[in-house]
Amino acid sequence: MSLNQSTIVGVIGAGTMGSGIAQIAATHKHQVYLFDPFPEQLKKSEEGLTGILQRQVQKERMTQNEGDEILSRIHFVNHINDFSKCGIVFEAIIEDLQTKKDQFSRVEAMVSKDTLLATNTSSLSIASISSALKRPNRFLGIHFFNPAPLMKLVEMIPGILTDDQILNNARSLIDSWGKTTVLAKDTPGFIVNRVARPFYGEALRIIEEGIADHATIDWAMKELGGFKMGPFELMDLIGHDVNYAVTESVFKEFYFDPRFKPSFTQKRLVEAGMLGKKSGIGFYDYRENAKNRAPDRDHDLGMVILNRILVMLINEAADALFMNIATAKDIDLAMTSGVNYPKGLLLWADEIGLQKVLTQLENLQKLYGEDRYRPNPLLIKKVKEKSTFY
Ligand SMILES: NC(=O)c1ccc[n+]([C@@H]2O[C@H](COP(=O)([O-])OP(=O)(O)OC[C@H]3O[C@@H](n4cnc5c(N)ncnc54)[C@H](O)[C@@H]3O)[C@@H](O)[C@H]2O)c1
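A.B. asks: Give a detailed account of the overall build of the protein chain, specifying residues and quantitative values.
C.D. replies: Scanning the protein chain from N- to C-terminus turns up 17 helices and 8 strands. Rg of the C-alpha trace for the protein chain: 22 Å, near the compact-globule value of 21 Å for 390 residues, within the 12% margin. Considering only C-alpha atoms, the protein chain reaches an extent of 60 × 55 × 40 Å along its principal axes. Taken over 390 residues, the protein chain has a buried fraction of 47%.

This is the structure in structure tokens:
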């Protein structure tokens, strides 16, 4: 089924992501049915979206009339009866395989045979969710980033049973919403949540070894690397419970590859309830009158930190390319538009010089004797051939 402005959109789950997806679709003139079984969640979503649109009007980003129209296009419903009219349904409920499968079986019984079905899952496989469907060929992953209305990137993830035409139709729709779409294979973490792991993992490892503290590492990544946020600020913002769960899931899904090994330090924070900003304390203290330590602005130390984290990120990006998870262009685009990296990692590697990147990884591997630091075969091959990623 080709999709256009007159396509009616269904959204399952009125939480953070579902409300955001509904807002985007309604802004692009679609009638939207936003379903949640919990009335208080529907109320919260409606109040939240009303507030967001009101602020847009106050900032003169839209007229009152436009804001009202967007809101009037979103129908907050506690049943899925109207999904029979939908051309596409996005699912954004809790990250639990069985709950998602149950919900999709119910929705499939309600929608037409041509309706596209999409999941916003961050960590479950598209294939595993699709097993609940009678027609898995019309199902795919459409992975938005938080906050969905603001973040440009959307990862498109066909499952092994997804029809090409379904993928093309879905991608055209999301592109028409002004998003930047990238195509990713149905593998753990897709592009962003896989390639970004060392940003957190290597930073945590540096702390554990006592090389530097969190403030210094954040300073080095921002000041010397040009990242908008340091790893510890970002983990505090995401929430250590969420960030740790993603790392653990990716680690398990990769059959315990040491590259993705979770950190005890982060686990202890989660156990102690130090979840970051939302709980008032994580690596930083957000409570009133709290004093946070200043970074050690030693340039040489900062460069050691930046280079170590950066080569690990580049190695991961190279692996995503090596394993055909996505094209070099899409991997770089995903990291710059999905998590605001200052530069695409593969382009950055070309600029640094692949030999330099490889030598640093080899030095780390020699020093630690750990498989975690093994250089990716594609990087080794490119250095041998004296070629580059671009
Ligand atoms: N929050 C993020 O940063 C982010 C980013 C990308 C993808 N995701 C993914 O999006 C999905 C939703 O995440 P979120 O952060 O919006 O979660 P959330 O907790 O804000 O919202 C989840 C919603 O699901 C509803 N729900 C719970 N059980 C349900 C059921 N059985 N049937 C229907 N609805 C049910 C809840 O009432 C709630 O409104 C998850 O799969 C998550 O992995 C989250």
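Back to the write-up after that little detour.
A.B. asks: For the sheet that holds strand β6 (residues 139-144), give the residues involved together with the corresponding values.
C.D. replies: An order of β3-β2-β1-β4-β5-β6-β7-β8 is seen for the 8 strands of this open sheet, with the pairing classed as mixed. Of all strands in the sheet, those with a lone pairing partner are β3 (74-77) and β8 (180-183), marking the two edges. The average undirected angle you get between the axes of adjacent strands in this sheet is 25 degrees. Where strand β2 (residues 32-35) and β3 come together, 4 bridges link them in parallel fashion. Looking at the pairing, Phe35 lines up with Val77 of β3.

A.B. asks: Now, about the domain arrangement of the protein chain: what can you tell me, with residues and values included?
C.D. replies: Examined at the domain level, the protein chain breaks down into domain 1 (9-183) and domain 2 (194-384). A C-alpha centroid distance of 30 Å is found between domain 1 and domain 2. With 10 residues of domain 1 at the interface, the matching set in domain 2 holds 8 residues. Secondary-structure elements contributing two or more residues to the side of domain 1 that touches domain 2 are β7 (153-158) and β8. Class assignment for the residues of the side of domain 1 that touches domain 2 results in 5 nonpolar, 3 polar and 2 charged.

Conventions we followed
Residues numbered from 1 in each chain as written. Predicted model: local features only at pLDDT ≥ 70, side-chain atom pairs only at ≥ 80, totals over all residues. Helix = DSSP H or I, 4+ residues; strand = E, 2+ residues; numbered from the N terminus. Rg over C-alpha atoms; globule rule 2.2 N^0.38 Å. Buried ≥ 20, exposed ≤ 12 C-beta atoms within 10 Å, placed from the backbone. Pairing = 2+ DSSP bridges. Axes fitted to C-alpha atoms, helices over the stretch in contact; angles between N-to-C directions. Domains from an automatic or database assignment. Contact = placed C-beta atoms within 7 Å. Nonpolar A, V, L, I, M, F, W, Y, C, P; charged D, E, K, R; others polar.

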